[in-house]
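Observations on the model geometry
Residues per chain, in single letters:
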Amino acid sequence: MLRIRRPQLGLPSQLVPVFWALILIEAAYGAYLGILPLWIEKLGAPIAIVGLLLGANGILRLFVLFPSTNIANRFGYRRTTMVARLAAFLGLMAAALATQWQQLLLLVVGVAIGEIVFPLLQTLVAAQAGAQRMRAFALIFTVGPSVALAIGPIAAGVLVALAGMRAAFVLAAVLTALSVIVLSKIEEPAELRSRDDSQQAGYREAMSDYRIRTISLLLVGVVFTCSLGVAFIPTFLEDVRGYRPASIATFSALGAVGSALFGMAVARTRRLQKEPFLAVAISVGCIVIALILFHISALLPVILFAYLLRGGFFSGWAMLNASLGVSAPARLRARGFVLVEMIGGLASSFGPIVGGVLYARRNTLTLEVAIVLGLGLIPAILWVNRTARAWPSPDAEPPVPIEDEPIIGEVTDAAPETAPDVAPEIVPEADLGSQPIVTGS
């Protein structure tokens, strides 16, 4: 039987399976994402279709993620995450066996279903992390997955060199199957097991919260800009710089190393934990520098350093999700996490789609447009960071009262049905509280 030992990271024991599951999930992503554009192109798709397939996942996520909280409330968070990752496993196996680019639609659908795990696991972490939510998010959603994203591309690069690009998808499928086993070990908090939809905010109420709305708008800008800039880096390095697919797959590991270093910095720096938007601004700055380096140089040391800074994309997205876990009230978090995943997925889908059109015009145009957008985003993020200091703590907000529950001491406007013609009677203070109550007419 698979036993999971607690790593020395200071995480609550119930969050350890989430930590290991995300490592396996992100290792699977790292195994194939670096060569996915090359695989689509090799199967005969034109460059515009490459961008469309890369972006289709984000559009499908809208339809998959919308009912995810209702499904989890009905069937349980553990069971829902397991089934979602099984769908991703089937999609990866279909990609490994594909002989035409049209067959990769099964991969797109399977991976989109597998994305359900992210808002559900974020809800679990926010509910179980206690007062150190930002630190837990940094360790679980940045450091651990980044280490996996460093190992996955290296292993995939070796397999691609030995057996071709299909081997990368087989490796990703194996890692996904292992993640299903680990997800079977997660624990659901009592408040989530007993909570139904009537005790959670709806999507409209979640979006009406100014904190969730602000984070969502930032997420659109950050994810679209970064995905536009990085989506065609593998194709650019092969077509323009002359690097081989096996090397490009291995380069992706450095991006994960950069994300891991950034996550550890957040976990150890109190200011970044208190000001997550400052961390987002730094990560976007790293992406801008990386895109400039890709644009101006073909030297291997420069490319390697640019990939290290490219890890800012993953870090910035994770920090925005973490800021929601820290800023939003508990009753808004479940729907809030789903909303930001849908919005982030939609933004990440349009990045490659627009990038495909731009790349077809000129192979450096995607880099140039993303650089300009990134430079414009950084001041906006820093402004939000300054205003967010005045946001109230979600734990200090009073709970929303239940409508049908009587409020002690509330004076009602309803008149009594009968009013006997007697003098008013004073009820002694000792019997009914600190204020005398007058009865009668």
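Small disclaimer: the values here were computed from a predicted structure and weren't measured.

Rules used in this analysis
Residues numbered from 1 in each chain as written. Predicted model: local features only at pLDDT ≥ 70, side-chain atom pairs only at ≥ 80, totals over all residues. Heavy atoms only, no water. Helix = DSSP H or I, 4+ residues; strand = E, 2+ residues; numbered from the N terminus. Contact = heavy atoms within 4.5 Å. Areas by Shrake-Rupley, 256 points an atom, 1.4 Å probe, with all protein chains shown as cover. Salt bridge = Lys/Arg side-chain N within 4 Å of Asp/Glu carboxyl O. Buried < 20%, exposed > 50% of the residue type's maximum accessible area, 1.4 Å probe, protein only. Phe/Tyr/Trp six-rings, centres within 6.5 Å; stacked < 30°, edge-to-face > 60°. Core = buried A, V, L, I, M, F, W, Y, C linked by side-chain atoms within 4.5 Å. Expected span 1.5 Å × (residues − 1). Bend = angle between axes of the 7 residues up to and from the residue. 1 Å grid on protein atoms, 1.4 Å probe; cavity = no way out; pocket = protein on both sides within 12 Å on 5 of 7 lines; lining within 4 Å. Points joined across faces, edges and corners; volume = space filled by probe spheres on them. Nonpolar A, V, L, I, M, F, W, Y, C, P; charged D, E, K, R; others polar. Polar contact = N/O pair within 3.5 Å; in protein donor to acceptor, adjacent residues only side chain to side chain. Axes fitted to C-alpha atoms, helices over the stretch in contact; angles between N-to-C directions. Parallel < 35°, antiparallel > 145°, perpendicular 65-115°, else oblique. Left-handed = near helix turned anticlockwise from the far one by under 90°. pLDDT = per-residue confidence, 0-100.

With that settled, consider the overall build of the chain. In terms of regular secondary structure, the chain is built from 21 helices and two strands. Contacts in the chain between residues at least 24 apart in sequence constitute 81% of all its contacts with a sequence separation of at least 6. Accessible area for the chain stands at about 20,300 Å²; split by element, carbon and sulfur atoms hold 64% of it.

Applying the stated criterion to the full structure yields three salt bridges. Among the salt bridges present, the one from Glu 275 reaches Arg 271, with a minimum N-O distance of 3.8 Å. Relative accessible area serves as the criterion here: at 14%, Glu 275 is assigned to the buried category. A salt bridge links Arg 362 to Glu 368; the shortest N-O distance between them is 2.4 Å.

Looking now at the packing of aromatic side chains. Evaluated as defined, the whole model comprises 14 aromatic pairs. Aromatic pair Tyr 29 and Tyr 32: ring centres 6.1 Å apart, planes at 40°, arrangement tilted. Taken together, the residues Tyr 29 and Tyr 32, both in helix H1 (residues 16–33) and three residues apart, mark about one turn of the helix. Note on Tyr 29: relative accessible area 10%, which makes it buried. When the centroid spacing of 6.0 Å and the interplanar angle of 20° are considered together, the rings of Phe 313 and Trp 317 count as stacked. Pair noted here: Phe 313 and Trp 317 are both in helix H18 (residues 312–327), with a separation of four residues, about one helical turn. Using a relative accessible area of 12% as the deciding quantity, one classes Phe 313 as buried.

Counting residues in hydrophobic clusters, the biggest one holds 139 residues, and the most contacted among them are Phe 169 and Leu 237. Apart from the residues lying within four places of it in its own chain, the contact partners of Phe 169 are Tyr 32, Ile 35, Leu 36, Trp 39, Leu 92, Ala 95, Ala 96 and Leu 107.

Right, let's get into helix H19 (residues 330–361). Here H19 spans 47 Å end to end across 32 residues, near enough to the 46 Å set by a 1.5 Å rise per residue. Largest kink in H19: about 30°, centred on Gly 336. Extensive coverage of H19 is indicated by the burial of 23 of its 32 residues.

In this section: empty space enclosed by the protein. Considering all chains together, one arrives at three cavities of 30 Å³ or more under this definition. If you add up the space inside the largest cavity, you get close to 1,200 Å³. Along the wall of the largest cavity there are 46 residues; nearest its centre are Tyr 29, Leu 33, Arg 310, Phe 313 and Trp 317. For the lining of the largest cavity, the per-class residue count stands at 28 nonpolar, 13 polar and five charged.

Looking at where Ser 283 falls in the secondary structure, it is placed in helix H16 (residues 276–296). Residues Ser 283 and Arg 310, 27 residues apart in the sequence, show an inter-C-alpha distance of 8.7 Å. The residues contacting Ser 283, other than those within four sequence positions of it, are Phe 262, Gly 312, Ser 315 and Gly 316. There is a polar contact of 2.6 Å between the side chain of Ser 283 and the backbone oxygen of Val 280.

Attention now goes to the packing of helix H12 (residues 210–230) against H16. For the pair H12 and H16, the least separation of the axes is 10 Å and the interaxial angle reads 20°. One element, H12, and the other, H16, form an angle in the roughly parallel class. Regarding H12 and H16, the two cross each other, and that crossing is left-handed. Here Ile 215, Leu 218, Val 222, Cys 226, Gly 229 and Val 230 of H12 lie close against H16, whose contacting residues are Phe 277, Val 280, Val 284, Ile 287 and Leu 291. Taken together, the residues of the contact of H12 with H16 sort by class into ten nonpolar, one polar and no charged.

What follows deals with the confidence of the model for the chain. One rule of thumb: low pLDDT means the predicted coordinates there are not for detailed reading. With 83% of its residues at a pLDDT of 70 or more, the chain shows a mean pLDDT of 80. Note on residues 399–441: pLDDT under 50 across the span, and 21 contacts to partners over four residues away in sequence or across chains.

The subject of this paragraph is the packing of helix H7 (residues 117–128) against helix H8 (residues 133–163). Helix packing geometry: the angle between the two helix axes and the distance between the axes. Contact geometry of H7 with H8 gives a least axis separation of 9 Å together with a crossing angle of 140°. The angle between the axes of H7 and H8 places the two elements in the oblique class. As H7 runs across H8, the sense of the crossing is right-handed. Packed against H7, whose contacting residues are Leu 121, Gln 122, Val 125 and Ala 126, the element H8 presents Arg 133, Ala 136, Phe 137, Ile 140 and Phe 141 at the interface. Of the residues in the contact of H7 with H8, the class split is seven nonpolar, one polar and one charged.

Looking at where Asn 385 falls in the secondary structure, it is placed in helix H20 (residues 365–387). Within the structure, Asn 385 has its side chain in polar contact with the side chain of Glu 275 (distance 3.0 Å). A polar atom in the side chain of Asn 385 sits 3.3 Å from the backbone nitrogen of Leu 278. Leave out the neighbours within four places in its chain, and Asn 385 touches Glu 275, Phe 277 and Leu 278.

This part takes up the environment of Arg 241. Along the polypeptide, Arg 241 turns up in the loop between helix H13 (233–239) and helix H14 (245–268). For Arg 241, a relative accessible area of 23% puts it in the partly exposed group. Along the chain, Arg 241 and Leu 300 lie 59 residues apart, while their C-alpha atoms are 9.9 Å from each other. When neighbours within four sequence positions are excluded, Arg 241 is seen to be in contact with Phe 236, Phe 294, His 295, Ile 296, Ser 297 and Ala 298.

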